[in-house]
Amino acid sequence: MNFPLVLLILLVLTGCIWLLDFLFLKRKREADATEPWWVEYPKSFFPIILIVFCLRSFLVEPFKIPSGSMIPTLLVGDFILVNKFTYGIRLPVINHKIIEMNHPKRGEVMVFRYPEDPSIDYIKRVIGLPGDTVTYRNKKLSINGVPVERELNGDYKYVESGLAYVYTQRFKELLGDKSYSILINQEMPNMLLSSVHYFPFKENCVFDMTGFTCKVPEGNYFTLGDNRDGSSDSRYWGFVPEKNIVGKAFMVWWNFSDLSRIGLSIK
């Protein structure tokens with residue numbers, strides 16, 4: 001369901017009824033007459049819907065993390081807040097940018113519309129900017145030929161789909177001025193070639209059993225999940241067009257399973 005579109009339709013409907021009552025219906029009613037229900041309810045909800053619509057469209061938007069692709073940074077069940085204006089002001093529903101501001105930086109956690117189905121929101125970490133050459137071979141990342149620094153930070157285990165424990169290694173990765181944790185499962189293959197889709201600008205990439213090298217086209221970004229061996233990301237479905245960007249994730253505001261995560265900053 002396209003929630004922004006539903007919200008816009010409700011806003012237009014309640015707003016039209018409020019305006020119709022203000023301009024015409026109110027004048028025709030007796031002074032002591034009660035408003036009909038079809039006028040009273042839309043008028044009551046209109047200001048609430050207007051506030052929610054403006055906040056959600058231009059300031060912050062809530063999201064729920066449905067998968068483990070960003071473990072350990074984000075856990076399944078985290079409710080997060082996304083800054084909608086960091087990367088520019090966009091018109092709701094059509095997501096067209098009208099005011100230019102900042103651009104995504106390497107290492108930032110970004111929410112965007114999944115290129116293969118824009119009705120689905122994805123969250124990943126920005127790794128490659130337009131013009132960058134991203135290489136990931138033998139589970140080691142390089143940007144423009146420079147290896148990205150990382151250091152082992154112990155073991156990490158998590159439950160996958162509530163069925164079994166997954167045992168991985170936790171690394172601290174340093175990308176630009178960003179420092180964050182990633183997971184590497186040494187038992188998983190370097191690249192699942194059978195899972196690579198066809199996508200625009202695929203000719204910019206070279207894949208083999210050890211990994212890949214991709215040159216990011218202009219107007220696009222390359223993303224990876226922090227759970228490197230448990231993430232469907234740009235390795236498999238391609239680049240993120242600038243027009244698909246929703247915003248920058250910045251805070252965990254709720255988690256029913258772990259209240260200690262409330263208020264955590266997303267790095």
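Residues numbered from 1 in each chain as written. Predicted model: local features only at pLDDT ≥ 70, side-chain atom pairs only at ≥ 80, totals over all residues. Heavy atoms only, no water.

An unreviewed UniProt entry lists the protein chain under the name Signal peptidase I, from Nitrosomonas communis. The protein chain has a UniProt comment under Catalytic activity (unreviewed entry) that states "Cleavage of hydrophobic, N-terminal signal or leader sequences from secreted and periplasmic proteins." Per its UniProt entry, the protein chain bears the Subcellular location (unreviewed entry) comment "Membrane". (UniProt positions renumbered as here; feature names shortened; annotations may be inferred.)

Caption draft 1: Molecular detail of the overall build of the protein chain. Helix and strand counts for the protein chain stand at three helices and 17 strands. By the burial criterion, 42% of the 267 residues in the protein chain qualify as buried. Summarising the internal contacts of the protein chain: among those between residues at least 6 apart in sequence, 56% fall at separations of at least 24. In the protein chain, which carries 31 positive and 28 negative side-chain charges, the distance between the mean positions of the two groups comes to 2 Å. (Helix = DSSP H or I, 4+ residues; strand = E, 2+ residues; numbered from the N terminus. Buried < 20%, exposed > 50% of the residue type's maximum accessible area, 1.4 Å probe, protein only. Contact = heavy atoms within 4.5 Å. Lys, Arg positive; Asp, Glu negative; His and termini not counted. Charge placed at Lys NZ, Arg CZ, Asp CG, Glu CD.)

Caption draft 2: Quick look at the domain arrangement of the protein chain. Taken domain by domain, the protein chain comprises domain 1 (3-59) and domain 2 (66-265). Each of domain 1 and domain 2 has a C-alpha centre, and these two points are 40 Å apart. Buried area between domain 1 and domain 2, both sides added, is near 650 Å², and the carbon and sulfur share of it is 68%. Of all residues in domain 1, Ser57, Phe58 and Leu59 give up the largest surface area on contact with domain 2, accounting jointly for 65% of the area buried on that side. Viewed at the interface, domain 2 and domain 1 are joined by two residue pairs in polar contact (both at pLDDT 80 or more). Among the elements of the structure, helix H1 (3-28) and helix H2 (37-59) are those that each provide at least two residues to the side of domain 1 that touches domain 2. A per-element tally of the side of domain 1 that touches domain 2 places H2 first, with five residues. Its residues placed into classes, the side of domain 1 that touches domain 2 shows six nonpolar, one polar and one charged. (Domains from an automatic or database assignment. Buried area = accessible area lost by both parts, 1.4 Å probe. Polar contact = N/O pair within 3.5 Å; in protein donor to acceptor, adjacent residues only side chain to side chain. Nonpolar A, V, L, I, M, F, W, Y, C, P; charged D, E, K, R; others polar.)

Caption draft 3: Representation of a nonpolar patch on the surface. On the surface, a cluster of nonpolar side chains totalling about 900 Å² of accessible area is made up of Ile51, Leu55, Leu59, Val60, Phe85, Leu91, Ile94, Ile98, Ile99, Met101 and Phe250. Element by element, the count of residues in the nonpolar patch is highest for H2, at three residues. Position of Ile51 relative to the elements: it lies in helix H2. (Patch = residues over 30% accessible without salt bridge, like charges linked within 9 Å, V, L, I, M, F, W, Y side chains within 5 Å. Areas by Shrake-Rupley, 256 points an atom, 1.4 Å probe, with all protein chains shown as cover. Salt bridge = Lys/Arg side-chain N within 4 Å of Asp/Glu carboxyl O.)

Caption draft 4: Local environment of the packing of aromatic side chains. Going through the model one piece at a time under the given rule, you end up with 16 aromatic pairs. Look at Phe207 and Phe212: their rings are 6.2 Å apart centre to centre, the planes differ by 40°, and that puts the pair in the tilted class. Overall, Phe207 belongs to the partly exposed group, its relative accessible area being 22%. Taking relative accessible area as the criterion, Phe212 reaches 0% and is therefore assigned buried. Joined through ring pairs, the aromatic side chains of Tyr136, Phe199, Phe207, Phe212, Phe222 and Phe239 make up one cluster. The ring centre of Phe171 lies 4.3 Å from the NZ or CZ of Arg150, which sits over that ring. The residue whose ring lies beneath Lys157 is Tyr165, and the NZ or CZ to ring-centre distance is 4.8 Å. (Phe/Tyr/Trp six-rings, centres within 6.5 Å; stacked < 30°, edge-to-face > 60°. Lys NZ or Arg CZ within 6 Å of the ring centre and 35° of its normal.)

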